[in-house]
Amino acid sequence: VPVLIRGRDGLGTLWTFGGVESPVPELVRAAAGIGTLAIPGDPDGPVRRVPLVVAIGPDIRPGFALELARVAAGGRLLKIDGATNRFEAGPVTGLLGPDGMLRLRPGDMTGTTLRVSAADVLDADPPSRLPEGAVVLIGGSAPQLGGLRTTADGQLLSTVRLEAAALAQLLAGDTPVPPAPLSRRPWLPPLVATLAGALIAGLSPLVAASLTAAGIAAIGTGAVMAAGNGLIVDPALPALAFLMAALAGGLHATLARMRRARRIRRRFEQHLSPSVVSLIARDPEIVKLDGQRREVTALFTDVEGFTSLTRRAGPEALIALLDAYFEGMSALIHAHGGMIDKFVGDAVHAFFNAPLDQPDHAPQAVRCALALSDWSEAFRHTPRAAALGFGRTRIGIETGSVIVGDVGLSTKLDYTAHGDAVNSAARLEAQNKELGTAICIGPGTAALCPAGWLTRSGTVQLRGFETPITTWTPVADAVRAAPS
């Protein structure tokens, strides 16, 4: 039968043979058409496709089901248009993919076809049981014939039943094909799905899990909708790619969060209270380590006469005394929401409102200073401290805008603060000697404290600053009487 072809370039992936095995000449002369019977299995084994056309050397020839449909419908020739991906076999028309294959619908591949056994043919009059105008296929299903094939849903069918299923689809106009862009780029859906899965991986676990489930459902729904329009979109590989990308990305994000949490915990476990460290470790994003400008209240302490104490104290006794002193001071700073920046000799450097927001940081620093002063006075009169002549603790406090963040080498980073408020707090601590006070507070902190909490202690010129400032000291009874 004539085969008219237009746009052969659109059929670039046809199943190709160097030659075929022809029927005996008597059958060829009597036949109204000849179609190829070979049926390929997919790479994983099952049969999902039946050839509509194949390439025999340089020629294109119809598959058995398409040739049978043409003969049954009375078509005189076969038209193939590779440019529009369509075929015409008389009144039987449909879509034709670049591989020339018909994708079989899953399920019962015999559809509504009537199956008549060989025993009925021998014992009765089979045509009387067939509807008028029926198309009859003759073949064998005995396992000994070696023609049984496994389908995608696990059925074991003979070649004749597979061809019958293909014929039923052709006569019903059911010829699904992949969308044209996907047929030439089968890698596109998995690639897009992989990228989409990777994009959601950085989100919170609950959101990522919800979007992953929604994405897989969308892929499946899209495949069903496409099938209803005669298009084949295999959802398995894109869905798997989407899921694997989301899982891999989620695992990577989880490991990154765990590494960041460990880094945060190591960085702050000696600076903050355990409860605050645990809070940061659960959500490391609440801390900006790379540097930011924020308002903090700096609190610096120093012990009077510590240099002379180091000359008369033994090493073991001095270290044991400092350990007890720093432990008590740190506990009070943590209790008031402060962060230990560092210990320098006998001095403690602390910040409030860093690394987390603390709305009442200035008043809390003043409360903390009073608590530190009271505790350190009691500490210096303990037998061990008194025996070594442990001095009075002086405290300086100031509030202002500073830059906080990690500073140092890659192998040794410290989260610290830099700015005038930090320098002022250090200078104010030293001014206690001149003012005769234990706690010296700068104007930045004083402006944020409730009325009646502070009293003026003097006017000083701090080293490194151009203008004199007014200093303040707490009114202990007012601070202690205020609700916390």
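Residues numbered from 1 in each chain as written. Predicted model: local features only at pLDDT ≥ 70, side-chain atom pairs only at ≥ 80, totals over all residues. Heavy atoms only, no water.

Visitor: Can you help me understand the overall build of the protein in this one?
Guide: Looking only at helices and strands, one finds 16 helices and 19 strands in the protein. A burial count over the protein gives 40% of its 484 residues as buried. Once local pairs closer than 6 in sequence are excluded, the contacts in the protein between residues at least 24 apart make up 67%. When the accessible surface of the protein is totalled, it reaches about 25200 Å², and 59% of it is carbon and sulfur. (Helix = DSSP H or I, 4+ residues; strand = E, 2+ residues; numbered from the N terminus. Buried < 20%, exposed > 50% of the residue type's maximum accessible area, 1.4 Å probe, protein only. Contact = heavy atoms within 4.5 Å. Areas by Shrake-Rupley, 256 points an atom, 1.4 Å probe, with all protein chains shown as cover.)

Visitor: It is not clear to me how the pairing of strand β5 (residues 59–62) should be interpreted in this structure. Could you clarify?
Guide: Along any regular strand, the residues point their side chains to alternate faces of the sheet. Burial along β5 is one-sided: the face carrying Ile60 and Pro62 is buried and the face carrying Asp59 and Arg61 is not. Sheet analysis places strand β4 (residues 53–56) next to β5, joined by 4 bridges and oriented antiparallel. Within β5, the position partnered with valine 53 by the bridge is proline 62. Counting the residues between successive antiparallel strands, the hairpin from β4 to β5 contains 2 residues, one of them, glycine 57, with a positive phi of roughly 60°. (Pairing = 2+ DSSP bridges.)

Visitor: Teacher, can you tell me more about the pairing of strand β12 (residues 292–303) here?
Guide: Most of β12 is tucked away, with 9 of its 12 residues classed as buried. Sheet analysis places β12 next to strand β14 (residues 347–352), joined by 4 bridges and oriented antiparallel. The residue bridging phenylalanine 300 from the neighbouring strand is histidine 349, located in β14.

Visitor: Help me out: how do you make sense of the sheet that holds strand β2 (residues 16–17) in this one?
Guide: Backbone-to-backbone hydrogen bonds pair the strands of a sheet. The strands run either parallel or antiparallel. Strand order in this open sheet of 3 strands is β2-β4-β5, and the pairing throughout is mixed. At either end of the open sheet lies a strand with only one pairing partner, and these are β2 and β5.

Visitor: Looking at this model, I keep getting lost on the pattern of salt bridges. Mind explaining?
Guide: It is possible for side chains bearing opposite charge to pair when their charged atoms get close. Throughout the structure, instances matching the rule amount to 15 salt bridges. The salt bridge involving arginine 48 is made with aspartate 44; its shortest N-O contact spans 2.9 Å. When its relative accessible area of 19% is taken as the criterion, arginine 48 is described as buried. In this structure, arginine 392 and glutamate 304 form a salt bridge, with 2.7 Å as the shortest nitrogen-oxygen distance. Here arginine 392, found in the loop between α13 (383–388) and β15 (393–409), pairs with glutamate 304, found in the loop between β12 and α10 (306–312); they are 88 residues apart in sequence, far enough to count as distant. (Salt bridge = Lys/Arg side-chain N within 4 Å of Asp/Glu carboxyl O.)

Visitor: What am I meant to see in the packing of aromatic side chains here?
Guide: Pairs of aromatic rings are described using the distance from one ring centre to the other and the angle between the two planes. Within this structure, the stated rule accounts for 8 aromatic pairs. Between tyrosine 325 and phenylalanine 390, the ring centres sit 5.0 Å apart and the planes meet at 55°, which makes this aromatic pair tilted. Placement of the pair is tyrosine 325 in helix α11 (residues 315–335) and phenylalanine 390 in the loop between α13 and β15, with a sequence separation of 65 residues. Each member of the pair, tyrosine 325 as well as phenylalanine 390, carries the same accessibility label: buried. (Phe/Tyr/Trp six-rings, centres within 6.5 Å; stacked < 30°, edge-to-face > 60°.)

Visitor: I tried to follow the confidence of the model for the protein on my own but got confused; where do I start?
Guide: On average, residues of the protein carry a pLDDT of 82, and 84% of them reach 70 or more. With pLDDT under 50 throughout, residues 409–413 is counted as low confidence; its partners more than four residues away or in other chains account for 5 contacts. (pLDDT = per-residue confidence, 0-100.)

Visitor: What is the right way to read the side chain of aspartate 302 from this model?
Guide: Tracing the sequence through the fold places aspartate 302 in strand β12. Contacts of aspartate 302, omitting those with residues within four sequence positions, involve Asp346, Ala347, Arg392, Thr393, Arg394 and Glu429.

Visitor: What's the story with helix α2 (residues 64–73) in this structure? I'm lost.
Guide: Because each turn of an α-helix spans 3.6 residues, side chains separated by three or four positions end up pointing in the same direction. Considered for burial, the residues of α2 that qualify are Ala65, Leu66, Glu67, Leu68, Ala69 and Arg70. At the C-terminal side of α2, glycine 74 shows a positive phi close to 80°.

Visitor: Help me understand the nonpolar core, please; the structure alone is not making it clear to me.
Guide: Note on soluble globular proteins: their nonpolar side chains tend to be buried together. By size, the foremost hydrophobic cluster in this structure holds 36 residues, and its most contacted members are Phe390 and Ile397. Elements with a contribution of two residues or more to this core: β12, α10, α11, β14, α12 (361–380), α13, β15 and β17 (439–441). Once residues lying within four places of it in the same chain are set aside, the contact partners of phenylalanine 390 are Val303, Leu309, Leu321, Tyr325, Phe379, Arg380 and Ala385. Formed by 26 residues, the second largest nonpolar core is a distinct cluster that contains Leu11, Leu68, Leu162 and Ala166. (Core = buried A, V, L, I, M, F, W, Y, C linked by side-chain atoms within 4.5 Å.)

Visitor: I keep staring at the environment of leucine 66 and nothing clicks. Help me out?
Guide: Position of leucine 66 among the secondary structure elements: in helix α2. Overall, leucine 66 belongs to the buried group, its relative accessible area being 1%. Residues leucine 66 and valine 53, spaced 13 residues apart in sequence, show a C-alpha to C-alpha distance of 7.8 Å. Not counting residues within four places of it along the chain, the set of residues in contact with leucine 66 comprises Leu52, Val53, Leu78, Phe87, Ala89 and Leu170.

Visitor: I tried to follow the sheet that holds strand β1 (residues 3–6) on my own but got confused; where do I start?
Guide: Read from one edge to the other, the open sheet built from 4 strands follows the order β1-β6-β7-β8, with strand pairing classed as mixed. Only two strands of the sheet have a single neighbouring strand rather than two, namely β1 and β8 (92–95). When the angles between neighbouring strand axes are averaged without regard to direction, this sheet yields 10°. One ladder, built from 4 bridges, connects strand β7 (residues 86–89) with β8; its direction is antiparallel. Residue phenylalanine 87 lies in a different strand from β8, and its bridge partner there is glycine 94. Together, β6 (78–81), β7 and β8 form the strand contacts of α2, whose direction differs from that of β7 by roughly 45°. (Axes fitted to C-alpha atoms, helices over the stretch in contact; angles between N-to-C directions.)

Visitor: Any chance you could explain the packing of α11 against α12 here in plain terms?
Guide: Packed helices, taken two at a time, are described by the angle between their axes plus the distance between the axes. Two elements in contact, α11 and α12, have axes separated by 9 Å at closest approach and are oriented at 155°. Classified by the angle their axes make, α11 and α12 are roughly antiparallel. Judged by the twist between their axes, the crossing of α11 over α12 is right-handed. When α11 is examined against α12, the residues Leu321, Ala324, Tyr325, Gly328, Met329, Leu332 and Ile333 are found in contact with a partner set consisting of Cys368, Ala371, Leu372, Trp375, Ser376 and Phe379. Classifying every residue of the contact of α11 with α12 gives 11 nonpolar, 2 polar and no charged. (Parallel < 35°, antiparallel > 145°, perpendicular 65-115°, else oblique. Left-handed = near helix turned anticlockwise from the far one by under 90°. Nonpolar A, V, L, I, M, F, W, Y, C, P; charged D, E, K, R; others polar.)

Visitor: What is the right way to look at the packing of α2 against helix α4 (residues 159–171) in this model?
Guide: It is at 9 Å that the axes of α2 and α4 come closest, and there the two elements cross at 50°. Between α2 and α4, the crossing angle belongs to the class labelled oblique. Crossing of α2 against α4: the hand is right-handed. For the pair α2 and α4, contact is made by Phe64, Ala65, Leu66, Leu68 and Ala69 and by Glu163, Ala166, Leu167, Leu170 and Leu171, respectively. Partitioned by chemical class, the residues of the contact of α2 with α4 number 9 nonpolar, no polar and 1 charged.

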